[in-house]
Each structure stands twice: as structure tokens, then as C-alpha cells.
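Structural overview
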Amino acid sequence: MLPNSTRLLHATRDYSAVNGIDSLDTPPTYSHFLEHYLEPNLPVLIGPALTAQWRARQQWVTPETGKPNFAQLREQLCTEPVQVPVADCHCKDFTDQKRSTMDLQEFLDEWEQHSRTNTPSRTYLKDFHFVKTFPAYGAYETPDIFCDDWMNEFWTRRTDMDDDYRFVYCGGDGTFTPFHADVYRSYSWSANICGVKKWTLFPPNQEHLFQDQLHNTVYDIENVDPIQFPDFHKAKRFTIYQQPGHTLFVPSGWWHQVHNIGDTISINHNWCNGSNLDLLVESMTSDLKEVEREIDHLKEMMDQDEWIETCQKLLLLNSGWDWSTLWNMCNTIRDRVIKQQLGEEVSLATSVGMLLQDGVEVKRTTPSFLPPLVTQQPSLELTLKRLDAVLDFISSDPSAVWFLQHVKGLTLQ
């Protein structure tokens with residue numbers, strides 16, 4: 001059974017009256033951001049004052065032209081070979097673009113050549129874990145309004161993997177990201193260092209207009225087959241042009257496509273917290289239902305325990321998480337919130353810590369993400385209630401309980 005927002009202590013969100021995207025010249029206070037954008041799950045574009053002091057804003061851009069400072073980027077970031085993830089914007093690969101890796105200096109050389117000749121690019125550096133790769137560089141600081149970030153707080157403290165959701169994107173004119181909603185139905189924030197991004201955003205609850213009869217989703221909103229997707233034109237959408245220095249908050253479940261106009265660099269985080277926790281749970285349970293539907297023809301050949309474990313393995317493979325991911329994240333955040341509620345000291349260390357790989361401790365490379373201050377999050381009492389509601393929801397599912405106890409070896413309280 002899918003949870004509902006009320007059960008998980010969230011108000012019902014209404015997008016029917018949304019007729020545009022707010023733009024703020026001055027960065028909002030946390031309380032204003034929480035009330036007007038986080039809780040109602042609405043986007044907002046914030047002016048350049050939010051990121052004005054960032055090293056990336058000051059050193060990665062040539063002031064006279066507004067273009068990337070390629071010489072500075074090479075000098076600071078290419079002192080040794082670095083492999084970066086890139087996408088070929090001219091080559092579709094299922095629902096994404098064809099991905100590969102490339103040496104960072106080679107990418108910058110190729111990109112600069114396109115920039116000098118004013119020719120469109122096809123190679124897009126994206127999903128580059130910049131903080132993990134350059135932990136001491138200090139390109140930016142997470143703005144206060146985005147510090148209540150459970151994904152990065154949890155992922156950078158996991159002992160089973162070395163990962164985060166802090167990215168840099170770099171691409172020339174014509175590069176783009178296909179139509180999608182963000183991983184786990186998380187939030188994202190995207191700060192433009194240079195260039196212009198054209199964003200087309202679609203409010204939630206229109207997914208039936210994006211899909212064909214076989215549940216395939218639109219890939220490129222500028223090239224939609226009206227026979228395959230006859231109702232796509234009915235979808236409500238908003239288009240904005242994000243200027244250099246501006247930051248866009250993209251809410252949970254808002255499908256979007258992004259086109260780069262000119263040479264662009266952006267810094268992005270995927271993140272979540274108590275304000276969209278119900279939407280993450282809904283996304284995961286929906287993904288699980290889809291897995292079960294896809295392999296339903298195999299169910300008779302398995303006993304109940306094998307069926308549960310197989311579905312969870314496929315869920316992790318396809319969606320990047322399973323019941324244990326959600327359970328462990330909620331408990332990690334819950335422990336920290338209780339400490340803050342009791343006035344106990346919460347570790348603010350940014351040390352990278354240790355990681356278990358094949359039973360051996362190794363040093364992780366990803367710096368920890370700082371937990372939010374009390375003033376950078378909703379009331380601790382509300383956060384605990386929301387966490388407990390999700391943990392209770394998971395504990396009420398016999399399949400989830402069996403998986404957590406017998407496959408993951410967790411003790412449920």
C-alpha cells in the first residue's frame with residue numbers, strides 16, 4: 001500500500017493555482033524559504049547575492065567576457081590526471097545520453113576550442129563529484145537555506161560506500177539534460193557560475209501525460225512524437241532562463257529539461273529532508289510496485305523469502321536504494337536530531353573517516369557534509385514526528401521487516 005501525505009504528517013500539496021515561478025533578488029531567510037517553497041514544494045529562482053562570495057564565482061569566470069577561465073581551471077584542477085564523467089548529447093542511450101569518462105584537461109581543451117570558434121558542443125561534463133575529487137579546494141559553501149540536507153549528511157557518513165550527491169556540470173552551447181525527475185524524487189538546487197540555462201519545469205501529478213502506452217517517457221521535450229505521446233501538449237509547464245550567478249531550487253517530483261545557452265558551469269546538489277520525506281517514501285514504494293509488476297511472471301517459481309529479496313535487489317539496481325537505505329538514513333538523522341533536541345554536542349567534523357571494503361578498513365575520500373544547525377531546519381519536534389511516522393510505516397510492512405532483519409541483519413526498534 002502506498003503511504004499518503006497525511007499519514008506521514010505532510011499537508012496535501014496543490015499545484016492547480018501555480019501560474020509561474022517566483023524570482024527573488026535577495027536571498028530569503030530560512031523561515032521564509034521553508035514556508036513558501038520547501039513545504040508547498042514550489043520552485044524559486046534566487047539572485048546572485050546568494051553565491052557572490054564563492055571561489056568558483058570569482059575564479060572560474062573571465063570577468064571581461066563572462067566565459068569560463070579555461071587557463072585558471074587547468075592551472076587549478078589539472079595538476080594531475082583526473083577522469084571525469086561526460087555525456088554525449090547527440091547520442092541517446094535508453095532514457096539518458098551515452099555516458100563515458102574523459103580526462104579533465106582533454107575535456108577543457110575540447111570545450112575551449114568550441115568556445116573560441118562559437119560552435120555547438122556535444123560533450124557535457126555532468127554528475128562530476130567535485131568535492132569528492134577535490135576535498136580541500138573550497139569552490140563554494142552550501143547556502144544556509146539548503147543545509148538541511150539528509151542525503152549528503154547520510155551518504156557521506158555511510159561505512160559501506162564512498163559517495164555523495166554534490167556535483168559540478170560544465171558544458172558548451174547546445175548541451176542539455178533530457179527530460180527527467182531527480183533521483184529518489186529528491187530536491188535539487190543548481191547555482192549557475194557562468195552561462196545561461198533554459199529550464200522547462202512541469203508541476204507534479206501530470207506523469208500520465210508524459211508516457212506512452214508502454215510506459216515509455218518523453219526523452220526530449222523539443223522533439224516529441226505526437227502519435228506516441230498524444231497528450232503531452234496538455235501538460236502544464238513553465239520556462240525560465242537562469243542567468244549567471246542565479247540559483248534555482250527545483251522541488252521534489254517536478255519533471256524538467258535543461259538546455260545550456262553559451263558556455264555554462266553550474267554547481268548542483270540533490271538533497272532531501274523532512275519536508276519532502278513523504279514524497280521519497282511514495283517514490284520508493286511506487287518503484288517497488290513497478291519491480292513487482294515487471295517480474296510477476298516469476299513469482300510462482302520462488303518462495304516468499306526469495307521473492308522479497310529478489311525484488312529488493314532489483315529495486316536497488318534500478319532505483320539506487322532499497323528498504324535498508326531509507327531505514328538507515330532515517331535512523332541516522334533521527335539520532336542526530338535527538339542529540340540536538342537534548343542540547344548535546346553534534347559532531348561538525350569534516351574529516352573523511354573510514355570505509356569498510358571487503359571487510360577491510362580503508363580511508364574514504366568524500367568529506368562529510370555538515371549537519372544543519374537548529375536554525376537551519378524546521379522544528380525538531382516536527383522532524384522527529386515525521387521520521388517516526390516513516391519508520392512506523394516501514395515497520396508495519398511484513399516484507400520490509402523480513403528483509404531488514406533476515407537479509408540486512410538489522411535490529412528494528
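Procedures and definitions
Residues numbered from 1 in each chain as written. Predicted model: local features only at pLDDT ≥ 70, side-chain atom pairs only at ≥ 80, totals over all residues. Heavy atoms only, no water. Helix = DSSP H or I, 4+ residues; strand = E, 2+ residues; numbered from the N terminus. Rg over C-alpha atoms; globule rule 2.2 N^0.38 Å. Buried < 20%, exposed > 50% of the residue type's maximum accessible area, 1.4 Å probe, protein only. Areas by Shrake-Rupley, 256 points an atom, 1.4 Å probe, with all protein chains shown as cover. Lys, Arg positive; Asp, Glu negative; His and termini not counted. Charge placed at Lys NZ, Arg CZ, Asp CG, Glu CD. UniProt positions renumbered as here; feature names shortened; annotations may be inferred. Core = buried A, V, L, I, M, F, W, Y, C linked by side-chain atoms within 4.5 Å. Contact = heavy atoms within 4.5 Å. Pairing = 2+ DSSP bridges.

**A word on the overall build of the protein**
Secondary structure assignment for the protein yields 12 helices and 13 strands. The globule rule puts the C-alpha radius of gyration for 413 residues at 22 Å, and the 22 Å found for the protein is close to it. Principal-axis analysis of the C-alpha atoms gives the protein an extent of 60 × 60 × 45 Å. Evaluated residue by residue, the protein yields a buried proportion of 53% over its 413 residues. Accessible surface for the protein amounts to roughly 19500 Å². Of this, 50% is attributable to carbon and sulfur atoms. Here the protein holds 34 positive side-chain charges and 57 negative ones, and the gap between their average locations is 2 Å.

**Some remarks on the UniProt feature "domain: JmjC" (unreviewed entry) in the protein**
According to UniProt, the positions carrying the feature "domain: JmjC" (unreviewed entry) are residues 131-288. Counted over residues 131-288, helix gives 16% and strand 34%. Its end C-alpha atoms are 32 Å apart.

**Considerations on the nonpolar core**
Counting 48 residues, the largest nonpolar core has Trp-323, Leu-326, Met-329, Val-390 and Ile-394 as the members making the most contacts within it. The set of elements that each furnish at least two residues to this core consists of α6 (150-155), β6 (166-171), α8 (277-294), α9 (304-319), α10 (323-341), α11 (380-395) and α12 (398-407). With 8 residues, α11 is the largest single contributor of residues to this core. The residues touching Trp-323, leaving out its near neighbours within four places in the chain, are Met-284, Thr-285, Leu-288, Gln-312, Phe-393, Ile-394, Asp-397, Ala-400, Phe-403 and Leu-404. One finds Val-44, Phe-70, Tyr-137 and Ala-139 within the second-largest nonpolar core, a separate group that totals 46 residues.

**Notes on the environment of Leu-248**
Inspection of the secondary structure assignment puts Leu-248 in strand β10 (residues 247-250). Along the chain, Leu-248 and Glu-309 lie 61 residues apart, while their C-alpha atoms are 39 Å from each other. Apart from the residues lying within four places of it in its own chain, the contact partners of Leu-248 are Val-44, Leu-45, Ser-188, Trp-189, Ser-190, Trp-199, Ile-240 and Gln-242.

**Comments concerning the pairing of strand β13 (residues 360-363)**
Summarising the sheet, strand β12 (residues 354-357) and β13 pair through 4 bridges and their orientation is antiparallel. Looking at the pairing, Gln-357 lines up with Val-360 of β13. Connecting β12 to the antiparallel partner β13 that follows it, the hairpin turn spans 2 residues, and Asp-358 within it adopts a positive phi of roughly 55°.

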